Amino acid sequence: MRAIVFTLTLLLSTVSAAGQIDRLLDQFFSPAEMEYCNTAHQAEYMTVAEQQFLQYLNLARIYPAKFAEFYLAYLKEYDPDGLRKYKRRNRYYYGLYKDLTKLPEAHQTLLLPDPQMFQLAACWAKESGRRGKTGHKRRRCTDGYDAECYSYIGSQKAMDHLILLLVDEDIRDLGHRK
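Keep in mind the model is a prediction, meaning the values are calculated, not measured. (Residues numbered from 1 in each chain as written. Predicted model: local features only at pLDDT ≥ 70, side-chain atom pairs only at ≥ 80, totals over all residues. Heavy atoms only, no water.)

A. View of the overall build of the protein chain. Broken down by element type, the protein chain carries eight helices and zero strands. Counted from the first residue to the last, the protein chain has its helices and strands arranged as α-α-α-α-α-α-α-α. Each of the 178 residues in the protein chain was classed as buried or not, and the buried ones make up 39%. For the protein chain, the proportion of contacts with a sequence separation of at least 24, taken over those separated by at least 6, is 63%. About 11300 Å² of surface is accessible on the protein chain, with carbon and sulfur atoms providing 55% of the total. (Helix = DSSP H or I, 4+ residues; strand = E, 2+ residues; numbered from the N terminus. Buried < 20%, exposed > 50% of the residue type's maximum accessible area, 1.4 Å probe, protein only. Contact = heavy atoms within 4.5 Å. Areas by Shrake-Rupley, 256 points an atom, 1.4 Å probe, with all protein chains shown as cover.)

Okay, structure coming up:
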């Protein structure tokens, strides 16, 4: 019974957090824009959070100026430390805002889910998790494209992972942001 209650609590807190993010997103993006960027909604092999991550990433790619304003609201609502860094014109936090505002609308194409890439990423996640490793060195999981963009935070919220990757704090070349 405990496992069921814990799972339900985790699920409810994840849904609640997603609902809060959705309310914030609704202030900046129209329903049509949200739907247009929701390319993974039928990818049954992905979790809801993984589908949301792809939708949010597409919003940043297709509507960068709107996403920049959303990003500031997100910092104010959910990341006071990040907001302080932004206000101090931190290279990473302030830099993300500036980079987003410089991009033309729809400068990128929509990202689409791909089952083969998903399986390759799942393989790498298992391999790196078992080895307790971070980074790029693979032993297996090398058949296909082997670049990556992953985050190591405990949050269940897709937006937290996206913001972490876009800010790319302490990464000199801002590779995840690019």
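B. Highlighting the packing of helix α4 (residues 64-78) against helix α6 (residues 93-102). Where α4 contacts α6, the two axes come as close as 7 Å, and the packing angle between them is 155°. Taken together, the axis directions place α4 and α6 in an arrangement best described as roughly antiparallel. Along its contact with α4, which presents P64, A65, F67, A68, E69, Y71, L72 and L75, the element α6 presents Y93, L96, Y97, L100 and T101. Considering only residue class, the contact of α4 with α6 consists of 11 nonpolar, one polar and one charged. (Axes fitted to C-alpha atoms, helices over the stretch in contact; angles between N-to-C directions. Parallel < 35°, antiparallel > 145°, perpendicular 65-115°, else oblique. Nonpolar A, V, L, I, M, F, W, Y, C, P; charged D, E, K, R; others polar.)

C. Representation of unusual backbone geometry in the model. Unusually for a residue other than glycine, R89 sits at a positive phi of about 60°. Assignment of secondary structure puts R89 in the loop between α5 (80-87) and α6. For D168, which is not glycine, the phi dihedral falls at a positive 55°. Tracing the chain through its elements places D168 in the segment after α8 (158-167).

D. Up close: the environment of G82. Among the structural elements, G82 can be located in helix α5. Taking the C-alpha atoms as reference, G82 lies 6.6 Å from Y93; in sequence the two are 11 residues apart. Contacts of G82, omitting those with residues within four sequence positions, involve L75 and Y93.

E. How the structure looks around the side chain of Q55. Of note, Q55 is situated in helix α3 (residues 48-62). Discounting residues that sit within four places of it in the chain, Q55 has contacts with M34, C37 and N38.

F. Looking closely at the nonpolar core. Residues L25, L59, F67 and M159 are the most contacted members of the largest nonpolar core, which totals 35 residues. Elements with a contribution of two residues or more to this core: α1 (2-26), α3, α4, α5, α6 and α8. The element contributing the most residues to this core is α4, with eight residues. Sequence-distant contacts of L25, that is, excluding residues within four places in its chain, are made with M34, Y56, L59, F70 and M159. (Core = buried A, V, L, I, M, F, W, Y, C linked by side-chain atoms within 4.5 Å.)

G. A look at the packing of aromatic side chains. If you walk through the whole model with that rule in mind, you get eight aromatic pairs. Each ring, one from F29 and one from Y63, has its centre 6.2 Å from the other, and the planes form 50°; the classification is tilted. Residue F29 is located in the loop between α1 and α2 (31-36), and its partner Y63 is located in the loop between α3 and α4; the two are separated by 34 residues in the primary sequence. The exposure class of F29 is buried, given its relative accessible area of 3%. Here the aromatic rings of Y86 and Y97 are separated by 5.7 Å at their centres, their planes lie at 80°, and the arrangement is edge-to-face. Taken together, the residues Y86 in helix α5 and Y97 in helix α6 connect sequence positions 11 residues apart. Comparing Y86 with Y97 shows no difference in burial state: the two are buried. Every member of this aromatic cluster is reached through a ring pair, and the members are F28, F67, F70, Y74 and Y78. Note that K66 overlies the ring of Y63, its terminal NZ or CZ placed 5.8 Å from the centroid. (Phe/Tyr/Trp six-rings, centres within 6.5 Å; stacked < 30°, edge-to-face > 60°. Lys NZ or Arg CZ within 6 Å of the ring centre and 35° of its normal.)

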